[in-house]
Amino acid sequence: MRLVRSVADLRALLKPLWNEGKRIGFVPTMGYLHEGHAALVRQSASRCDVTVVSIFVNPTQFAPNEDFAKYPRDLERDQALCLEAGADVLFLPEVAEMYPTGFQTHVEPGRLAEPLCGAFRPGHFRGVATVVAKLLAMVQPDLAFFGQKDFQQTVVVRRMVRDLNLPVDVVVIPTIREEDGLAMSSRNSYLSDDERERARCLSQGLFAAEEAFRHGERDPEQITTLARQAMAGADRLQYLELVDAQTLEPIQGPLDRTAALCVAAYVGATRLIDNVVLAPTVGEAGLNVSLSPTHGD
Ligand code: PAF
């Protein structure tokens with residue numbers, strides 16, 4: 001596995017591969033990697049000739065009061081995980097190269113960036129869209145891999161890829177969970193033992209809602225109430241919303257299309273997010289909204 005720190009070195013390394021028509025997979029990350037990231041890297045390695053992983057803690061997607069400065073970092077462990085999972089190139093750009101003096105061009109996502117996390121983290125998705133667009137321009141992958149845990153991020157990135165005609169397929173991989181259901185996240189490392197124990201209630205609430213949905217519950221109010229009741233162990237729910245999986249608009253009537261039940265909650269001082277996708281069967285709703293790759297549609 002090659003370590004590359006500058007865009008020029010990355011281009012020099014990738015140019016022959018682009019020219020030979022190698023299939024390039026890309027996994028953008030902010031480091032402090034876990035099994036969820038490893039699953040993305042493995043998927044890429046199994047589907048592509050070359051897998052590039054980036055680690056860049058992107059300052060523009062953090063608000064001034066957020067955890068940019070204390071975001072966990074462990075390059076040695078990340079390198080080992082990438083190598084084991086099958087990465088070929090680890091790209092570690094510097095802030096000074098990503099955002100040189102005078103930087104002033106951003107990707108401004110539209111309405112999809114407004115609800116859910118967007119309502120509580122103003123500017124977050126502008127930062128995400130901008131850095132992902134830049135990284136895609138640098139790596140020029142055929143496939144880019146994202147985790148479903150960041151559901152709104154996947155929707156915003158897909159929209160951006162379509163709107164800007166970026167020649168890449170966005171692949172979304174199901175959330176990888178701890179044994180007790182907690183969605184894997186670099187931020188789980190902030191949790192004390194007691195908080196870690198209580199954090200389980202978020203996935204438990206989502207699973208309870210999923211179970212009710214599987215048994216035929218279609219009332220958005222009932223579904224969210226069930227989840228909310230199970231989430232009492234969290235210190236504060238920032239939002240718990242059932243939204244259309246494509247538009248992210250709240251589901252108003254009976255659930256008749258693919259939806260995502262999304263939660264953001266504080267456990268102690270740590271903000272965690274999670275979601276489940278609830279998809280009526282094709283026969284039931286006459287619809288099949290896919291979460292699979294959507295190149296150019
Ligand atoms: O999901 C993340 O880790 C980040 O938001 C991403 C996509 C690497 C952009 O900084």
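Just so you know, these numbers come straight off a predicted model, no measurement behind them. (Residues numbered from 1 in each chain as written. Predicted model: local features only at pLDDT ≥ 70, side-chain atom pairs only at ≥ 80, totals over all residues. Heavy atoms only, no water.)

1. A closer look at the overall build of the protein
So the rule is basically this: Helix and strand assignments follow DSSP, with helices taken as H or I runs no shorter than four residues and strands as E runs no shorter than two, numbered in order from the N terminus. Restricting the calculation to C-alpha atoms gives the radius of gyration, and the globule rule supplies 2.2 Å times the number of residues raised to the power 0.38. Relative accessible area decides the class of each residue, using a 1.4 Å probe on protein chains only: under 20% of the type maximum gives buried, over 50% gives exposed, and in between gives partly exposed. Here, two residues are considered to be in contact whenever any of their heavy atoms come within 4.5 Å of each other. Per-residue and other accessible areas were derived by the Shrake-Rupley procedure at a 1.4 Å probe size, with only the shown protein chains allowed to occlude residues. Neither His nor the chain ends contribute to the count of charged residues, in which Lys and Arg are positive and Asp and Glu negative. A single reference atom marks each charge: NZ on Lys, CZ on Arg, CG on Asp, CD on Glu.
Along its length, the protein carries 10 helices and 9 strands. Its C-alpha radius of gyration of 19 Å places the protein within 12% of the 19 Å reference for a compact globule of 297 residues. A principal-axis box enclosing the C-alpha atoms of the protein has dimensions of 55 × 45 × 40 Å. A total of 297 residues make up the protein; the buried ones form 51% of that total. In the protein, of all internal contacts separated by at least 6 residues, the share reaching a separation of at least 24 is 73%. A total accessible area of about 13600 Å² is found for the protein, and carbon and sulfur atoms account for 49% of it. Charge centroids of the protein, computed over 30 positive and 39 negative side chains, lie 4 Å from each other.

2. What about the sheet that holds strand β5 (residues 143-147)?
The criterion, for reference: Any two strands are treated as partners once DSSP identifies two or more bridges connecting them. For helices, the axis comes from a line fit to the C-alpha atoms of the stretch in contact; other axes are also lines fit to C-alpha atoms, and the angle between any two N-to-C directions lies between 0 and 180 degrees.
Spatial strand order, β1-β4-β3-β2-β5-β6: 6 strands in an open sheet with parallel pairing. Strands at the two margins of the open sheet, each flanked by one partner only, are β1 (2-4) and β6 (169-173). The sheet shows a mean angle of 25° between the axes of neighbouring strands, direction not considered. Both strand β3 (residues 50-55) and strand β4 (residues 89-91) contribute to a ladder of 3 bridges, which runs parallel. From the neighbouring strand, Val52 faces β4, where its bridge partner is Val89. Packing of helix α6 (residues 124-139) onto the sheet brings it into contact with β2 (24-29), β3, β4 and β5, and relative to β2 it is tilted by some 150°.

3. Digging into the environment of Pro93
Position of Pro93 among the secondary structure elements: in the loop between β4 and α4 (95-98). With relative accessibility at 8%, the residue Pro93 sits in the buried group. Considered as a pair, Pro93 and Gly31 are 62 residues apart in the sequence and their alpha carbons are 12 Å apart.

4. Describing the site of the ligand
Heads up, the condition is: By convention in this text, a residue qualifies as near a molecule or strand provided that one of its non-hydrogen atoms is within 4 Å of it. Pairs of N or O atoms are called polar contacts if they sit within 3.5 Å, as long as, within protein, a hydrogen donor faces a hydrogen acceptor (for residues adjacent in sequence, only side-chain-to-side-chain pairs). Under the grouping applied here, Gly and all other residues not named as nonpolar or charged are polar, the nonpolar ones being Ala, Val, Leu, Ile, Met, Phe, Trp, Tyr, Cys and Pro and the charged ones Asp, Glu, Lys and Arg.
The environment of the ligand is formed by Pro28, Thr29, Met30, Asn58, Gln61, Val131, Val132, Asp150 and Gln153. Take Gln61: an N or O atom from its side chain is 2.6 Å from an oxygen atom of the ligand. A distance of 2.7 Å separates an oxygen atom of the ligand from a polar atom in the side chain of Gln153. For the ligand, whose accessible area on its own is 290 Å², the fraction buried by protein is 89%. Within the residue set of the shell around the ligand, elements represented by two or more residues are β2 and α6. When the residues that make up the shell around the ligand are grouped by side-chain class, the tally is 4 nonpolar, 4 polar and 1 charged.

5. Digging into the sheet that holds strand β9 (residues 270-278)
Pairing is antiparallel in the open sheet, where 3 strands are placed in the order β7-β8-β9. Since the sheet does not close on itself, it has two edges, and those belong to β7 (236-244) and β9, each with one partner. Ignoring which end each strand starts from, the neighbouring axes of this sheet average 10° apart. Where β7 lies against strand β8 (residues 259-267), 8 bridges are found, and the strand directions are antiparallel. Looking at the pairing, Leu240 lines up with Val263 of β8. Here helix α8 (residues 193-214) sits on the sheet and contacts β7, β8 and β9; the angle it forms with β9, its principal contact strand, is near 15°.

Coordinates in, geometry out; function isn't part of it.
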